[in-house]
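Listed here are the chains, written in short residue letters.
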Amino acid sequence: MTKQKKEIIKKIDEVEPWIAVDEELGCGFAPAGAYDEMYKEIYRLQEELARLQHYASVEDMLYDTRGCENSGCP
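For the structure given in this document, a descriptive report is provided here. Throughout this document, residue positions are counted from 1 along each chain, in the order its sequence is written. Thresholds applied to this predicted model are a pLDDT of at least 70 for local features of residues and 80 or more for the giving and counting of side-chain atom pairs; totals over whole chains, interfaces and linings are not thresholded and use all residues. Excluding hydrogens and water, the side-chain figures rest on all heavy atoms present in the structure.

**Details of helix α1 (residues 3-25)**
Moving on, step 1. Taking 1.5 Å as the rise per residue, α1 with 23 residues should run 33 Å; its terminal C-alpha atoms sit 33 Å apart, in good agreement.
Moving on, step 2. Exposure is judged per residue with a 1.4 Å probe applied to protein chains only, and the accessible area is read against the type maximum: over 50% gives exposed, under 20% gives buried, and values in between give partly exposed. Under the scheme used here, helices are H or I runs from DSSP no shorter than 4 residues and strands are E runs no shorter than 2 residues, and both carry numbers assigned from the N terminus. Buried residues of α1: Lys 5, Ile 8, Ile 12 and Ile 19, and no others.
Moving on, step 3. Note on contacts: a residue pair qualifies if any of its non-hydrogen atoms lie within 4.5 Å across the two residues. Among the structural elements, α2 (36-52) are those in contact with the buried residues of α1.
Moving on, step 4. Immediately downstream of α1, the backbone of Cys 27 shows phi near 55°, a positive value. Here a helix's expected span is defined as the number of its residues, less one, multiplied by 1.5 Å.

Here you go:
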């Protein structure tokens, strides 16, 4: 995996837990749309990662089941 892909994954892995923790600690009191920009940034990073991995779209990347035959993936 290239350094660029690792950096993108690292950025995604930093933002997603922050949202989850904020939702948990905030007990759901964040205003509507509070995380919209963060989710847009995650999707933008996923689009870049999908392009680097030669997928046509984020959805193709996320739902790729190649290599799951023997690992019990759905």
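**Some points on the pattern of salt bridges**
Moving on, step 1. Only one rule defines a salt bridge in this text: a Lys or Arg side-chain nitrogen within 4 Å of an Asp or Glu carboxyl oxygen. Applying the stated rule across the entire model yields four salt bridges.
Moving on, step 2. Among the salt bridges present, the one from Glu 37 reaches Lys 40, with a minimum N-O distance of 3.6 Å. Here Glu 37 and its partner Lys 40 are both found in helix α2, three residues apart, which amounts to about one turn of the helix. For the pair shown, Glu 37 and Lys 40 are each scored as exposed.
Moving on, step 3. Put simply, Glu 41, Arg 44 and Glu 48 are held in one network by salt bridges that share partners.

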